[in-house]
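Each chain, letter by letter, is given below.
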Amino acid sequence: MIVLGSTSEVAQSFVEKALLEGEKFEKIYFFTSNKETTERFARHIDVKFVQQSEVIELDLMKEIDYNRFGNINSNLLFCATGYLGEGTEEGLYDNKNTERIIDINYSKLVPVMNYFAQKMENKRSGTIIGLSSVAGDRGRQSNFIYGSAKAAFTAYLSGLRNYLFDKKVHVLTIKPGFMATKMTEGLPLNPKLTATPKQAAKCIYKAYKKKKNVAYVLPVWGIIMMIIRNIPEFIFKKLKL
């Protein structure tokens with residue numbers, strides 16, 4: 001198993017959920033830009049589940065040497081890489097903020113995804129799980145830079161799913177709504193619309209086993225976003241969302 005964005009609480013909860021369900025992995029590769037924090041989690045996994053793992057430093061904002069990954073193969077890739085950044089009011093005209101949001105959520109991430117997707121294509125097996133966001137379903141004034149990056153990632157996963165279908169590789173797009181994680185700490189989230197990492201892991205694992213194409217972590221978000229997507233533009237542009 002390959003995990004991109006290994007400090008994500010959702011990613012860590014998914015790993016534990018999969019192992020608790022009896023999934024067997026020859027090795028788990030934790031890719032991370034925070035090696036120290038991830039190594040603590042990896043040791044926890046190794047001891048609790050008698051599982052072999054390896055932590056690999058990967059910073060998307062630096063040049064990547066793919067030769068380091070030549071011997072890494074997996075039947076399951078879980079991508080939880082993401083960066084929220086500043087919202088529109090604080091960060092719209094901050095180019096560093098904008099570039100970082102786009103780079104981490106899409107432009108620097110996709111080549112890494114492609115690298116491992118090609119390995120799965122070559123052996124004609126595997127599953128790719130990518131965490132996108134409901135923010136990518138329609139651009140909203142509060143965070144449309146982040147939303148646009150996630151919309152691009154959603155489209156990428158859709159196209160990758162289409163491309164890999166006859167290569168026997170499945171691609172699952174996960175769309176979390178509000179999540180109670182470190183990334184959203186301090187934000188005023190509605191508890192009824194907010195999932196914990198453990199709830200998310202349970203939903204994602206179920207979608208993975210059922211080979212779903214797209215899944216919302218909380219089903220209510222599918223309804224909410226369907227309504228938002230269908231609001232006429234002449235009305236939508238006046239809303240504060």
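Report on the accompanying structure. (Residues numbered from 1 in each chain as written. Predicted model: local features only at pLDDT ≥ 70, side-chain atom pairs only at ≥ 80, totals over all residues. Heavy atoms only, no water.)

1. A closer look at the pattern of salt bridges
Here the idea is simple: oppositely charged side chains can pair when their charged atoms come close. Going through the model one piece at a time under the given rule, you end up with 10 salt bridges. Across the salt bridge formed by Lys209 and Glu23, the nearest N and O atoms sit 3.0 Å from each other. You can see Lys209 sitting in helix α7 (residues 197-209) and its partner Glu23 sitting in the loop between α1 (9-20) and β2 (28-32), a full 186 residues away along the chain. Look at Glu23 and you get buried, because its relative accessible area is 16%. The partner of Lys175 in a salt bridge is Asp137, with the nearest N and O atoms 2.8 Å apart. Of this pair, Lys175 sits in strand β6 (residues 170-175) while Asp137 sits in the loop between β5 (127-131) and α6 (144-164), and the two are 38 residues apart along the sequence. For the pair shown, Lys175 and Asp137 are each scored as buried. Members of the salt-bridge network, linked through shared partners, are Asp137, Lys175 and Arg229. (Salt bridge = Lys/Arg side-chain N within 4 Å of Asp/Glu carboxyl O. Helix = DSSP H or I, 4+ residues; strand = E, 2+ residues; numbered from the N terminus. Buried < 20%, exposed > 50% of the residue type's maximum accessible area, 1.4 Å probe, protein only.)

2. Some thoughts on the environment of Ala200
Structurally, Ala200 can be placed in helix α7. For Ala200, a relative accessible area of 1% puts it in the buried group. Separated by 77 residues in sequence, Ala200 and Lys123 have C-alpha atoms that sit 30 Å apart. Setting aside anything within four residues of it in sequence, one finds Ala200 in contact with Val10, Met179 and Val217. (Contact = heavy atoms within 4.5 Å.)

3. Considerations on the sheet that holds strand β9 (residues 214-216)
The parallel open sheet is built from seven strands, whose spatial order is β3-β2-β1-β4-β5-β6-β9. For this open sheet the edge positions go to β3 (53-57) and β9, each flanked by a neighbour on one side alone. Strand-to-strand twist in this sheet, taken as the mean axis angle between neighbours without regard to direction, amounts to 15 degrees. In the packing of α1 onto the sheet, the strands contacted are β1 (2-4), β2, β4 (76-79) and β5, and the crossing angle to β4 comes to about 150 degrees. Lying over the sheet, α7 contacts β4, β5, β6 and β9, oriented at roughly 155 degrees with respect to β6. (Pairing = 2+ DSSP bridges. Axes fitted to C-alpha atoms, helices over the stretch in contact; angles between N-to-C directions.)

4. Remarks on helix α8 (residues 219-229)
By the burial criterion, the buried members of α8 are Trp221, Gly222, Met225 and Ile228. With its buried residues spanning 130 degrees around the axis, α8 presents them on a single face. Exposed residues pointing more than 90 degrees away from the buried face of α8 are listed as Pro219 and Ile227. The inward-facing, buried residues of α8 contact β7 (178-179), β9 and α9 (233-236). (Arc of directions from axis to C-beta.)

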